[in-house]
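Summary of the model geometry
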Amino acid sequence: MVNNLFTMSINERIKKIRIHFCNDSNIEFAKTMEVTRQAANNWVREGYSVGSGVLYKILEKFPQISQPWLFDGTGDMLKKDFISNVVSVPAEEDHDGEFTDSFNGAKFFDLKNGKYQMSVPLVPFFAYGKFANDADSLEPDNEGWENESFEVDGIVRGKYFAFEVKGDSMDDESRNSFEEGDRVLARELNNAHWKDGIRYKKYPYWVIVFDSSVLIKQIIDHNMETGEITCHSLNKSPEYCDFKLSLNKVRKLYNVVQKKPKAVNY
């Protein structure tokens, strides 16, 4: 195998696959590969020797992966025929035309500059403190839902939605905060992964659906023993104090992966 300063190691390439297809979840990756979590974790540990049998199994489970790239880092991670089959709409075509379906309701539009425009359902319930009791179903096939688009680096798996921010509890007037009217791209975390610990240090901001409320908050702690998360507001006003929330009361969790400022929306 090629091994130089400009080529990722085999362990780094496998980790890139895990990030791309499994949101960097070792649990999800191990389940897909049908191996133990320890085995899957070993493969991404730098210096760990990965046999060709493992690589062929990865290609079997992820047929979109280019064999030359996986084996020696040559070329792109995804096969060109996979990209052209999934993303076929030219960038100059009017956006009222159809996007190419991908996964779980998300659609992609090739911008021809190494980027993709990702179109996802815009949930018609604001993400803030309290809201009406209509947030029982967050499914992308609801009639009348609008779509929101975001520019992304590649085609991704997972269930994604867009939410619009309401209120000022997450606004501290800094660049990284959330103003009313901002829209966020959020990826669902399946509740099967909640008990293994929410990776709030890597993904600090979350849309949380519980009871009749849809919140956008920073999660700053997950108590594995009590099953509680601690929610934090960026606004330093005394009215926005930290609070704990039992995951037993949470119906959906979505980690925020991108923010679209309100100035871009209108």
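Residues numbered from 1 in each chain as written. Predicted model: local features only at pLDDT ≥ 70, side-chain atom pairs only at ≥ 80, totals over all residues. Heavy atoms only, no water.

**Quick look at helix 4 (residues 52-61)**
Test applied: Relative accessibility decides the category of a residue: with a 1.4 Å probe and only protein chains considered, values under 20% of the type maximum give buried, values over 50% give exposed, and everything between is partly exposed. Each helix is a run of H or I in the DSSP string that is no shorter than four residues. Each strand is a run of E no shorter than two, and both are numbered from the N terminus. Regarding the arc, it is the one traced by the directions from the helix axis to the C-beta atoms. Two residues form a contact once any of their heavy atoms are found within 4.5 Å.
Within the span of helix 4, buried status applies to Val 54, Leu 55, Ile 58 and Leu 59. Here the buried residues of helix 4 occupy an arc of 140° about the axis, which is enough to place them on one side. Facing away from the buried surface of helix 4 by more than 90 degrees, the exposed residues are Gly 53 and Glu 60. Looking at the buried side of helix 4, the elements it contacts are helix 1 (10-22), helix 2 (26-33), helix 3 (37-43) and helix 5 (67-72).

**Observations concerning helix 2**
Here helix 2 has its buried residues at Asn 26, Phe 29, Ala 30 and Met 33. What you see down the axis of helix 2 is that its buried residues fit within an arc of 95°, all on one side. Residues of helix 2 that are buried make contact with helix 1, helix 3 and helix 4. Within two residues after helix 2, Glu 34 carries a phi angle of roughly 60°, on the positive side.

**Here we look at the pairing of strand 9 (residues 228-232)**
Successive side chains on a regular strand alternate, one facing one side of the sheet and the next facing the other. Just so we agree on the cut-off: For two strands to be treated as a pair, DSSP must find at least two bridges joining them.
Sheet topology places strand 8 (residues 213-223) next to strand 9; 5 bridges connect them, and they run antiparallel. Across the sheet, Asn 223 pairs through a bridge with Glu 228, a residue of strand 9. Between strand 8 and strand 9, which pair antiparallel and follow one another directly, the connecting turn spans 4 residues, one of which, Gly 227, has a positive phi of 70°.

**A closer look at the side chain of Arg 13**
Counted only if it meets this: Here Asp and Glu are counted as negative and Lys and Arg as positive; His is not counted, and neither are the chain ends. Any Lys or Arg side-chain nitrogen located within 4 Å of an Asp or Glu carboxyl oxygen qualifies as a salt bridge. The definition of a polar contact used here is a pair of N or O atoms within 3.5 Å, where within protein one atom must be able to donate a hydrogen and the other to accept one, and adjacent residues in sequence count solely through side-chain atom pairs.
Along the polypeptide, Arg 13 turns up in helix 1. Buried within the structure, Arg 13 lacks any salt-bridge partner; Asp 72 is the closest side chain of opposite charge, at an N-O distance of 6.3 Å. Reaching out from Arg 13, the side chain makes a polar contact with the backbone oxygen of Met 8 at a distance of 2.4 Å.

**Quick notes on the packing of aromatic side chains**
Stated formally: Classification of ring pairs rests on two measures: the distance between centres of Phe, Tyr or Trp rings, Trp counted by its six-membered ring, which must be within 6.5 Å, and the angle between planes, read as stacked under 30 degrees, edge-to-face over 60 and tilted in between.
The full count for this structure, using the stated rule, is 6 aromatic pairs. Seen in terms of ring centroids, Phe 163 and Tyr 254 are 5.4 Å apart; in terms of plane orientation they differ by 55°. Their pairing is tilted. Placement of Phe 163 in strand 5 (residues 160-164) and of Tyr 254 in strand 11 (residues 250-260) is noted, with a sequence separation of 91 residues between them. Comparing Phe 163 with Tyr 254 shows no difference in burial state: the two are buried. Of the aromatic side chains, those joined through ring pairs into one cluster are Phe 29, Trp 43 and Phe 62.

**Topic: the environment of Glu 146**
Turning to its location among the elements, Glu 146 is positioned in strand 4 (residues 146-152). C-alpha of Glu 146 to C-alpha of Pro 124: the two residues are 22 residues apart in sequence and 8.0 Å apart in space. Among residues more than four places away in sequence, those in contact with Glu 146 are Val 120, Pro 121 and Leu 122.

**Observations concerning the packing of helix 1 against helix 2**
Under the convention used in this document: For every element, the axis is a line fit to its C-alpha atoms; helices are fit only across the contacting stretch, and the angle between N-to-C directions ranges from 0 to 180 degrees. Roughly parallel here means an angle under 35 degrees, roughly antiparallel means over 145, roughly perpendicular means 65 to 115, and every remaining angle is called oblique. Ten residues, namely Ala, Val, Leu, Ile, Met, Phe, Trp, Tyr, Cys and Pro, are considered nonpolar, four, namely Asp, Glu, Lys and Arg, are considered charged, and the remaining ones, Gly among them, are considered polar.
Two numbers describe how helix 1 lies on helix 2: the axes approach to 9 Å, and their chain directions differ by 100°. Judged by the inter-axis angle, helix 1 sits roughly perpendicular to helix 2. Within the contact between the two elements, helix 1 uses Ile 14, Ile 17, Arg 18, Phe 21 and Cys 22 and helix 2 uses Asn 26, Glu 28, Phe 29 and Thr 32. For the contact of helix 1 with helix 2, the per-class residue count stands at 5 nonpolar, 2 polar and 2 charged.

**With respect to unusual backbone geometry**
Of note in this structure, Glu 34 is not a glycine but carries a positive phi near 60°. In this structure, Glu 34 sits in the loop between helix 2 and helix 3. For Glu 34, a relative accessible area of 58% puts it in the exposed group. Of note, Glu 173 is a non-glycine position whose phi angle comes to about 70°, a positive value. Here Glu 173 lies in the loop between strand 5 and strand 6 (183-188). For Glu 173, a relative accessible area of 76% puts it in the exposed group.

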